[in-house]
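# Breakdown of the fold
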Amino acid sequence: MSYSYFKANTHQVKDKENYFLDANIWLKVLSPKNNPSFKEKAYLELFDKIIKNTKVRIVVPALVVSEVVNRIIREVHYQKHINKIRKAQPDFSPDSSYYKNVYRPSLDYSVAYNMICDDLKSYNVSIDLINDEFGSTFKFKHVLSNPPSSLDFNDYYYYNLCKKKDFFLVTDDKDFWVENVKIITMSETLLNKYIATLIK
């Protein structure tokens, strides 16, 4: 067994390294809080170090772009939309079809979607859009056979991609306990598990 975990706030970015940012990191970058926590600041500072080094790349497959755009719209902009309506209608409670039938065709959705895409494009000098290699390098058997119970489909695919390509994987997902991939995190759960392996 080989585990490699690094703290985001002490990690040194070196030339020619490739970084894969999990969707939960992109959310912190593209939709930062007004008063970020110590942990959030660590990820933002790491991101800043990565994009300032012109010899370092952030690798992004289409699946991450899809996950990031959809999550930010649902978790940030959709909530703003609902809150705006509730100011005028305090008892407003959208049903399950509201997001698809009302919000998606709205101007609010269009503005949010374009804003997120523009934010992503603003980092294009540091980003390499990569082929996900699904169906070529990675067959169904690679991603669907015996996945760790802690990882969902996307995360297990990301793990396989980073392992195959030797990418650093930056994540705040405490369930991302995996072997043979270089993980950068501020998750106390992951870091404590890693320390425990060193003590053993």
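Here's a quick rundown of the structure. (Residues numbered from 1 in each chain as written. Predicted model: local features only at pLDDT ≥ 70, side-chain atom pairs only at ≥ 80, totals over all residues. Heavy atoms only, no water.)

### A word on the overall build of the protein
When helices and strands are tallied, the protein shows eight helices and six strands. Helices and strands in the protein line up, N terminus first, as β-β-α-α-β-α-α-α-β-α-α-β-β-α. Principal-axis analysis of the C-alpha atoms places the extent of the protein at approximately 60 × 40 × 35 Å. Counting every position in the protein, which comprises 200 residues, the buried fraction comes to 43%. The long-range share in the protein, meaning contacts at least 24 apart out of those at least 6 apart in sequence, stands at 67%. Taken as two groups, the 29 positive and 24 negative side-chain charges of the protein have centres that lie 2 Å from each other. (Helix = DSSP H or I, 4+ residues; strand = E, 2+ residues; numbered from the N terminus. Buried < 20%, exposed > 50% of the residue type's maximum accessible area, 1.4 Å probe, protein only. Contact = heavy atoms within 4.5 Å. Lys, Arg positive; Asp, Glu negative; His and termini not counted. Charge placed at Lys NZ, Arg CZ, Asp CG, Glu CD.)

### Some details on the sheet that holds strand β1 (residues 4–7)
Note on sheets: strands pair through backbone hydrogen bonds, and any given pair is parallel or antiparallel. An order of β1-β6-β5-β2-β3-β4 is seen for the six strands of this open sheet, with the pairing classed as parallel. Two strands lie at the open edges of the sheet, namely β1 and β4 (127–130), each paired on one side alone. Each neighbouring strand pair of the sheet contributes to a mean axis angle of 30°, computed without reference to strand direction. Direction of pairing for β1 relative to strand β6 (residues 182–185): parallel, over a ladder of four bridges. Considered in β6, the bridge of Lys7 is made with Thr185. Taken strand by strand, helix α3 (residues 62–88) contacts β2 (18–21), β3 (57–61) and β4, and its axis lies near 80° from that of β3. (Pairing = 2+ DSSP bridges. Axes fitted to C-alpha atoms, helices over the stretch in contact; angles between N-to-C directions.)

### What to know about the environment of Ile127
Along the chain, the position of Ile127 falls in strand β4. Classification of Ile127 by relative accessible area gives buried; the value is 13%. Considered as a pair, Ile127 and Tyr19 are 108 residues apart in the sequence and their alpha carbons are 9.5 Å apart. Excluding its chain neighbours within four sequence positions, the residues that come into contact with Ile127 are Trp26, Arg57, Ile58, Val60 and Leu120.

### Concerning helix α2 (residues 38–52)
Quick reminder: α-helices carry 3.6 residues per turn. Residues three or four places apart thus point the same way. Its 15 residues give α2 an end-to-end C-alpha distance of 21 Å, which sits within 8% of 21 Å, the value for a rise of 1.5 Å per residue. Among the residues of α2, Glu40, Ala42, Tyr43, Leu46, Phe47 and Ile50 are the ones counted as buried. Relative to the axis of α2, the buried residues are bounded by an arc of 160° and lie together on one face. Exposed side of α2, more than 90 degrees from the buried face: Phe38, Glu45 and Lys52 are the residues found there. Residues of α2 that are buried sit in contact with β2, α1 (23–30), β3, β5 (168–170) and β6. (Expected span 1.5 Å × (residues − 1). Arc of directions from axis to C-beta.)

### Topic: the pattern of salt bridges
Counting across every chain of the model gives nine salt bridges. Of the charged contacts, one joins Arg57 and Asp128 as a salt bridge, the two residues approaching to 2.9 Å between their closest N and O atoms. With Arg57 in strand β3 and Asp128 in strand β4, this pair connects stretches of sequence that are 71 residues apart. Taking the shortest distance from any N to any O, the salt bridge between Lys182 and Asp166 comes out at 3.2 Å. With Lys182 in strand β6 and Asp166 in the loop between α7 (153–165) and β5, this pair connects stretches of sequence that are 16 residues apart. Where salt bridges share partners, they join Lys28, Lys39 and Asp172 into one cluster. (Salt bridge = Lys/Arg side-chain N within 4 Å of Asp/Glu carboxyl O.)

Spatial relationships are all this shows, so hold off on functional conclusions.
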